[in-house]
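This is what each chain is made of:
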Amino acid sequence: MRKFDTRIQDLKYRVLKETARMAWEGNLLEGILNIPEIIIPGKKPTMRCCVYKERAIVSERVKLAMGGNKDIKNVIEVCEIACDECPVGGYEVTRTCRGCLAHRCADACKFGAITIDEHQKAVIDKSKCKECGACAKVCPYSAIQNYKRPCQQACKVGAITMNEDYAAKIDNDKCVSCGACVFQCPFGAINEKSYILDVIDMIKGSDNGNNYKTYAAVAPAIAGQFIYAKNGQVITGIKELGFDEVVEVALGADLVTWKETEELKEKGIMTSSCCPAFVSFITKNHPDLLPYVSTTLSPMAMIGKHIKDMDPTAKVVFIGPCTAKKMELQREDVSKYVDTVITFEELQALLDSKDIDITTLEETSLDDASYFGRIFARTGGLSEAVKEGVKEQGVEDFEVKPIICDGIEECKVALLKLKRNMLDGNFIEGMACQGGCINGNGCLTHMVRSKVDVENYGKSSSKSSIEDAISR
């Protein structure tokens, strides 16, 4: 069974797996130059114009697998040599233009960018066009199309442009590190840095007698990811990698729910703080709204704090679907609780780098969290949890009125309404990825069934309530 949605993900995985394999064996520095030829054997190209370009791209991917450019703070980077073949025309008039008499496109353009030629066909003056799309909206034949690159289409915060060589360029002042561009780029030219080598070093250090234990903090979205195996087998596989303990980030979500419920009652109106891309968007675009953002740590940081409160020497590795978590790790109030972050894609590479076939393993069950902590992984789960928190805390004179934002565009609308005092609610649940964490860029697969899997995972909890989970 295929483990990934796309061939791009498979290529990323193979580079990560080979890099990790050499790191486990202790010969990465000696063998690193051989990885491109291992990934792209033979002399015939399989994806690009020539095998040499393919190997050059793999070499750049190896650098990302080893942590990427340390001078770039953003975890998302562009591999310029891999960026090509995408149309860059913007709005263009296609052959389906009928030369109609209405000329609504010309009337709709406020910048005088559209004229009508001798055949009554529309013509766009690129020097005047502002890419507003008004012409495309009114054309009855859909004859005007926007030929934006997939990465630009995917980026809902306008962080991607082009450099002088027409390669993608990321504006780090706008980027929220959600990774949507990474998943949508059909050439795999945009990728996130990997910290798998840090994980290997931590595990090796623990195995070699260093006085600490390694903890894998696993996000609840894992329930819909390793679809070729059972969830309990994945947990056993993580233990087989060398982690001393595996804990549920969903327990951190339960702890977040309890605190956010109390904070919401005090503030009266608030936004969530769980999605780092959502918080980053507010920070960069609406800093005046930061007082509305919950001061409660995210579930990742909360479970890290919980672990280190019990074991101050612990090394905590978050494993989840989110590239923005790697940026969250750079925050001082988070880095003291979480040591590094990897995605589900990277976990698959680590497992296979040690030839761990999880389908052959016995199951290990986790039962740390409540139903409500586990459903944080999907859109609306946080709001349901906060409602339950109000109920369990016995608050009778306060009603939670959530505004559930499914994707960054819906977040934009809700935040503007909050700014203008037009919000018909008192709690904004902001999720940068549509569908929630189950559709994060670091997922192995983006399937509809993931929501069902997470729901069933939540229902399998033995905890009768949020309070029951956090009191143990």
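Residues numbered from 1 in each chain as written. Predicted model: local features only at pLDDT ≥ 70, side-chain atom pairs only at ≥ 80, totals over all residues. Heavy atoms only, no water.

A.B. asks: What exactly am I supposed to notice about the overall build of the protein chain here?
C.D. replies: Scanning the protein chain from N- to C-terminus turns up 21 helices and 15 strands. For 472 residues, the compact-globule estimate of 2.2 N^0.38 gives 23 Å, and the protein chain sits close to it at 24 Å. Dimensions of the protein chain along its principal axes, counting C-alpha atoms only, are 80 × 70 × 40 Å. In the protein chain, which comprises 472 residues, the proportion classed as buried is 56%. Of the contacts made within the protein chain by residues no fewer than 6 positions apart, 74% connect residues no fewer than 24 positions apart. Carbon and sulfur atoms make up 49% of the accessible area of the protein chain, which amounts to about 21,700 Å² in all. Taken together, the 61 basic and 67 acidic charged side chains of the protein chain have centroids lying 6 Å from each other. (Helix = DSSP H or I, 4+ residues; strand = E, 2+ residues; numbered from the N terminus. Rg over C-alpha atoms; globule rule 2.2 N^0.38 Å. Buried < 20%, exposed > 50% of the residue type's maximum accessible area, 1.4 Å probe, protein only. Contact = heavy atoms within 4.5 Å. Areas by Shrake-Rupley, 256 points an atom, 1.4 Å probe, with all protein chains shown as cover. Lys, Arg positive; Asp, Glu negative; His and termini not counted. Charge placed at Lys NZ, Arg CZ, Asp CG, Glu CD.)

A.B. asks: Just checking my understanding: could you explain the nonpolar core for this structure?
C.D. replies: A general feature of soluble globular proteins is that nonpolar side chains tend to end up buried together. Ranked by size, the top nonpolar core spans 97 residues in total, and within it Phe-226, Ile-238, Leu-241 and Leu-350 carry the most contacts. Those residues within four positions of Ile-238 in sequence are excluded, and the remaining contacts are Ala-216, Val-218, Phe-243, Val-246, Ile-319, Leu-347 and Leu-351. Counting 41 residues, the second largest nonpolar core, distinct from the first, contains Cys-181, Ile-190, Phe-281 and Ala-414. (Core = buried A, V, L, I, M, F, W, Y, C linked by side-chain atoms within 4.5 Å.)

A.B. asks: Which parts of the structure should I look at to understand empty space enclosed by the protein?
C.D. replies: If you roll a probe as big as a water molecule over the atoms, it shows you where there is empty space left. If you walk through the whole model with that rule in mind, you get seven cavities of 30 Å³ or more. Considering only enclosed or pocket space, the largest cavity measures out at about 330 Å³ in volume. Secondary structure elements with two or more residues in the lining of the largest cavity: helix H11 (249–267), helix H12 (276–285), helix H13 (299–310) and helix H14 (324–328). The dominant element in the lining of the largest cavity, judged by the number of residues it contributes, is H11, at three residues. (1 Å grid on protein atoms, 1.4 Å probe; cavity = no way out; pocket = protein on both sides within 12 Å on 5 of 7 lines; lining within 4 Å. Points joined across faces, edges and corners; volume = space filled by probe spheres on them.)

A.B. asks: I tried to follow the pattern of salt bridges on my own but got confused; where do I start?
C.D. replies: A side chain with one charge can pair with a side chain of the opposite charge if their charged atoms come near. In the structure shown here, the tally under the stated rule is 22 salt bridges. In this structure, Asp-333 engages Arg-331 in a salt bridge whose closest nitrogen and oxygen atoms are separated by 2.8 Å. Judged by relative accessible area, which is 31%, Asp-333 ranks as partly exposed. For Arg-331, a relative accessible area of 34% translates into the label partly exposed. Residues joined by salt bridges that share partners form a network here, namely Lys-12, Glu-192 and Glu-345. (Salt bridge = Lys/Arg side-chain N within 4 Å of Asp/Glu carboxyl O.)

A.B. asks: When you look at the packing of H11 against H13 in this model, what are you seeing that I'm missing?
C.D. replies: Describing two packed helices takes the angle between their axes plus the distance from one axis to the other. Taken N-terminus to C-terminus, the directions of H11 and H13 make an angle of 100°; their axes are 7 Å apart at the nearest point. Relative to H13, the element H11 is oriented roughly perpendicular. Residues Val-249, Leu-251, Gly-252, Ala-253, Leu-255, Val-256 and Lys-259 of H11 pack against Pro-299, Met-300, Met-302, Ile-303 and His-306 of H13. Here the contact of H11 with H13 is composed, by residue class, of nine nonpolar, two polar and one charged. (Axes fitted to C-alpha atoms, helices over the stretch in contact; angles between N-to-C directions. Parallel < 35°, antiparallel > 145°, perpendicular 65-115°, else oblique. Nonpolar A, V, L, I, M, F, W, Y, C, P; charged D, E, K, R; others polar.)

A.B. asks: Would you explain the sheet that holds strand S13 (residues 340–343) in this entry?
C.D. replies: Strand-to-strand pairing in sheets goes through backbone hydrogen bonds, with the strands running parallel or antiparallel. Within the open sheet, the four strands sit side by side as S10-S9-S12-S13. Their pairing is parallel. Two strands in the sheet have a free side with no partner beyond their single neighbour: strand S10 (245–248) and S13. Taking the axes of each pair of neighbouring strands and ignoring which way they run, one obtains an average angle of 25° across the sheet. Strand direction decides the pairing type here: strand S9 (residues 214–218) and S10, joined by four bridges, are parallel. What sits directly across from Ala-216, in S10, is Val-246. (Pairing = 2+ DSSP bridges.)

A.B. asks: Could you clarify how one ought to interpret the packing of aromatic side chains in this entry?
C.D. replies: Each aromatic ring pair is specified by the distance between its two centres and by the angle formed by the two planes. Scanning all chains against the criterion turns up four aromatic pairs. Consider the rings of Phe-4 and Tyr-13, whose centres lie 5.1 Å apart with planes at 45°: the pair is tilted. On the accessibility criterion, Phe-4 (8% relative accessible area) is buried. Each ring, one from Tyr-371 and one from Phe-372, has its centre 5.0 Å from the other, and the planes form 80°; the classification is edge-to-face. Assigned by exposure class, Tyr-371 and Phe-372 land together as buried. Members of the aromatic cluster, joined through ring pairs, are Phe-226, Tyr-228 and Phe-344. The ring of Tyr-141 carries Arg-98 above its face, with NZ or CZ at 5.9 Å from the centroid. (Phe/Tyr/Trp six-rings, centres within 6.5 Å; stacked < 30°, edge-to-face > 60°. Lys NZ or Arg CZ within 6 Å of the ring centre and 35° of its normal.)

A.B. asks: What am I meant to see in the sheet that holds strand S15 (residues 427–431) here?
C.D. replies: An order of S11-S15-S14 is seen for the three strands of this open sheet, with the pairing classed as parallel. The open sheet terminates on both sides in strands that have one partner only, identified here as strand S11 (270–271) and strand S14 (402–406). Here S14 runs beside S15; their pairing, made up of five bridges, is parallel. By the bridge assignment, Ile-403 is partnered in S15 with Ile-428. Sheet contacts for helix H18 (residues 381–392): S14 and S15; angle to S15, the most-contacted strand, approximately 145°.

A.B. asks: Hey, could you run me through the environment of Gly-188 in this one?
C.D. replies: In this structure, Gly-188 sits in the loop between helix H8 (180–184) and strand S8 (190–192). Along the backbone, Gly-188 and Cys-79 are 109 residues apart, and their C-alpha atoms lie at a distance of 8.3 Å. Apart from residues no more than four positions distant in its own chain, Gly-188 is found in contact with Ile-8, Arg-61 and Ala-82.

A.B. asks: Is there a simple way to think about the layout of surface pockets in this case?
C.D. replies: Space inside the largest pocket adds up to approximately 430 Å³. Around the largest pocket sit 20 residues that line it, and Ala-154, Ala-180, Ala-432, Cys-433 and Gln-434 are the ones nearest its centre. Taken together, the elements giving at least two residues each to the lining of the largest pocket come down to H8 and helix H19 (408–419). Residues belonging to the lining of the largest pocket are distributed by class as follows: eight nonpolar, eight polar and four charged.

A.B. asks: In this structure, what is going on with helix H1 (residues 7–25)? I would like to understand it.
C.D. replies: Counted at 1.5 Å a residue, the expected span for H1 with its 19 residues is 27 Å, and the 27 Å between its end C-alpha atoms agrees. Directly after H1, the chain includes Gly-26, whose backbone phi takes a positive value near 80°. (Expected span 1.5 Å × (residues − 1).)

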